[in-house]
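# Architecture and fold: a report
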There are 2 protein chains.
Amino acid sequence: MQISSKFTVAIHTLLCIYEFSKEKKVTSNFIASSTNVNPVIIRNILGQLKDAGIVNVEAGVGGATIIKDLSDITLLDIFEATKCLEGDLFNFHDNPNKECPVGNNIHKVLDKRLYSVQETMKKELKQITLKMLVDDLEKNMK
Amino acid sequence: MQISSKFTVAIHTLLCIYEFSKEKKVTSNFIASSTNVNPVIIRNILGQLKDAGIVNVEAGVGGATIIKDLSDITLLDIFEATKCLEGDLFNFHDNPNKECPVGNNIHKVLDKRLYSVQETMKKELKQITLKMLVDDLEKNMK
DNA sequence: TTAATTGTAACCTTTCTTGTTACAACGATA
DNA sequence: TATCGTTGTAACAAGAAAGGTTACAATTAA
C-alpha cells in the first residue's frame, strides 16, 4: 500500500500559502481549487500543520500563513504533522506461533532491521526542506 | 498507511522453508500454523515467490523448497515478488490544477525527490539478505 | 448584523487487506 | 485405478482506511 496523499497535499498546501499569502488571503477553498482536493480535507490538513507549529490559520477572517523559516521546515516535519504513518512502515502479521522456533524468533530477527529501513526513509525526508522546493518551484515558474 | 503484512509473512515463510525443508515436507498448512495466517494467503504468497524464481512448490505432492542461494535473496527481492508496492511509495493527489502556478509545477518539484526517497528505501532492503536473517535466527534458536 | 471563513461532526462510497469456503487439478502411493 | 493430501485459484465476505460530501456552529472583520 501507499503513503496517503495527505502528505503531498500538505506539501502542495504549504507551497500555495508561501507563494500567494503576500498578495491575497489563502483560504481552504483556494487551496482546494489548486490541489483539486475537497476543502474540508484541506482544513483538516491545515489544522494538523497548525498543531505542528508550521502555519497559523485565522479563524473567522480566514487565511493561512507560514510561521517558520522555510529552511527549518523539512518534509519529515510535514510527514509527521500529517500523521501519514501511524505506527511503523512495515505491517507485521499478528501472533506468529510461539511454539514454532521461527515464529518465536521472527520479531527478534526482523524488527530492528525493518525499523532501520524506516528510519533511513525518514532521514531522507529530513534532508529535504521547503526552501529547496520553493527554489525549484520558482525556477519552474519563470 | 502501511506496507502489507504479506511482506513479513513472505519472509517468515522463507525462513520456515529453509529451517524445516530438510526434515519434513513444508506445506502451506504448516507455514500457516507458524505464521498464524490463513493457508490460502500462504499459497498465494508461495505462488508469487515461485514466479520470482525464489522457491519451488510441488503441486500435488506438496511442499516448498528454496531454489536460490540464501545470500542471493534480498529483502528487496521478496518485497518486489510479493508486489507490496504497486506504483510508487508516495501516493499523489490526482489532477492538481494546471491553471495555478503551484498546481502546474508540483509534479516537477516533487516527483524526483520522492522517487529518490523511495529508491533509498529499496536500496536499504537490498542490503539485507535472507542469509543474514537465517544467521540471526539460528543464533537466537540456540 | 452580515458575510466569509474555519473547525468539526456525521455519514457515505470506494478501495484495500485479509480471511474463508469451495473445488478442480495434480501427483505419489497403495 | 482409486485414494489421499496437497496446490492453485476463484468467489465472496468482513473489516479497516482513505477520501469525499453535507451541514452547521463558532469566529471575526467590516
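Anything mentioned here points back to the structure above.
The shown structure was predicted, so the numbers you read here are calculated from the model rather than taken from an experiment.

### Concerning the protein's contact with DNA strand C
Neighbouring DNA strand C are 27 residues; A:Ser28, B:Ser4, B:Ser5, B:Asn38 and B:Gly60 lie closest to it. The contact atoms of DNA strand C, taken as those within 4 Å of the protein, divide so that sugar and phosphate hold 57%. Between A:Lys50 and DNA strand C, the recorded distance is 3.1 Å, taken from a side-chain N or O atom to a phosphate oxygen. A distance of 3.4 Å separates a phosphate oxygen of DNA strand C from a polar atom in the backbone of A:Gly63.

### Structural notes on unusual backbone geometry
Peptide bonds are, in most cases, trans, and in most cases residues other than glycine have a negative phi. All names here are of chain A. Positioned with a positive phi, Asn-36 is a non-glycine residue whose angle comes to about 65°. Mapped onto the fold, Asn-36 is located in the loop between helix H2 (28-35) and helix H3 (39-51). Of the residues examined, Asn-36 reaches a relative accessible area of 46% and is grouped as partly exposed. Notably, Asn-95 is not glycine yet its phi reads approximately 50°, a positive angle. Inspection of the secondary structure assignment puts Asn-95 in the loop between helix H4 (75-81) and helix H5 (101-127). Classification of Asn-95 as exposed rests on a relative accessible area of 58%.

### Focus on the relation of the copies chain A and chain B
Here chain A sits on chain B after a turn of 180° about the axis and a move of 0.0 Å along it, with an RMSD of 0.1 Å. With respect to symmetry, the two chain copies, as superposed, fit the operation of a two-fold axis. In terms of proximity to the rotation axis, the leading residue of chain A is A:Met121, whose C-alpha is 2.9 Å off the axis. In this assembly, 100% of the residues forming the interface of chain A have copies in chain B that are likewise at the interface, indicating an isologous arrangement.

### Some thoughts on the packing of aromatic side chains
For any pair of aromatic rings, the description rests on two quantities: the centre-to-centre distance and the angle between the ring planes. All chains considered together, the criterion is met by six aromatic pairs over all chains. Here the aromatic residues A:Phe7, A:Phe79 and B:Phe90 are joined through ring pairs into a cluster of three or more. Just above the ring of A:Tyr18 sits the side chain of A:Lys22; from NZ or CZ to the centre is 4.7 Å.

### Remarks on the protein's contact with DNA strand D
Around DNA strand D, 27 residues are found, and the nearest of them are A:Ser4, A:Ser5, A:Gly60, B:Ser28 and B:Gly60. In this structure, a phosphate oxygen belonging to DNA strand D sits 3.3 Å away from a side-chain N or O atom of A:Asn38. Within the side chain of B:Lys50, an N or O atom sits 3.1 Å from a phosphate oxygen of DNA strand D. Looking at the surface near DNA strand D, the elements that each hand over two or more residues are H3 of chain A together with helix H3 (39-51) of chain B. In terms of residue count, the dominant contributor to the surface near DNA strand D is H3(B) (four residues).

### Description of the side chain of A:Thr129
Relative to the assigned elements, A:Thr129 resides in the loop between H5 and helix H6 (130-141). Every residue in contact with A:Thr129, bar those within four places of it in the chain, is listed here: A:Leu70, A:Ser71, A:Ile73 and A:Thr74.

### Section: the interface of chain A and chain B
Across the contact, 58 residues belong to chain A and 58 residues belong to chain B. Contact between chain A and chain B buries roughly 5000 Å² in total, counting both sides, with carbon and sulfur atoms accounting for 66%. The largest per-residue losses of area from chain A upon contact with chain B belong to A:Met1, A:Gln2 and A:Arg113, which jointly make up 14% of the total buried on that side. Between chain A and chain B we count two salt bridges in total. Residue B:Arg113 is joined to A:Asp136 by a salt bridge in which the shortest nitrogen-to-oxygen separation is 2.9 Å. Taken together, the links from chain A to chain B amount to 22 residue pairs in polar contact (both at pLDDT 80 or more). Broken down by secondary-structure element, the contributors of at least two residues to the side of chain A that touches chain B are helix H1 (6-20), H2, H4, H5 and H6 of chain A. At 16 residues, H5(A) tops the list of elements feeding residues into the side of chain A that touches chain B. For the side of chain A that touches chain B, the residue count by class is 32 nonpolar, 18 polar and eight charged.

Reading the values: rules and limits
Residues numbered from 1 in each chain as written. Chains lettered and ligands numbered in written order. Predicted model: local features only at pLDDT ≥ 70, side-chain atom pairs only at ≥ 80, totals over all residues. Heavy atoms only, no water. Near = heavy atom within 4 Å. Polar contact = N/O pair within 3.5 Å; in protein donor to acceptor, adjacent residues only side chain to side chain. Helix = DSSP H or I, 4+ residues; strand = E, 2+ residues; numbered from the N terminus. Buried < 20%, exposed > 50% of the residue type's maximum accessible area, 1.4 Å probe, protein only. Least-squares fit on C-alpha atoms with pLDDT ≥ 70 in both. Contact = heavy atoms within 4.5 Å. Phe/Tyr/Trp six-rings, centres within 6.5 Å; stacked < 30°, edge-to-face > 60°. Lys NZ or Arg CZ within 6 Å of the ring centre and 35° of its normal. Buried area = accessible area lost by both parts, 1.4 Å probe. Salt bridge = Lys/Arg side-chain N within 4 Å of Asp/Glu carboxyl O. Nonpolar A, V, L, I, M, F, W, Y, C, P; charged D, E, K, R; others polar.

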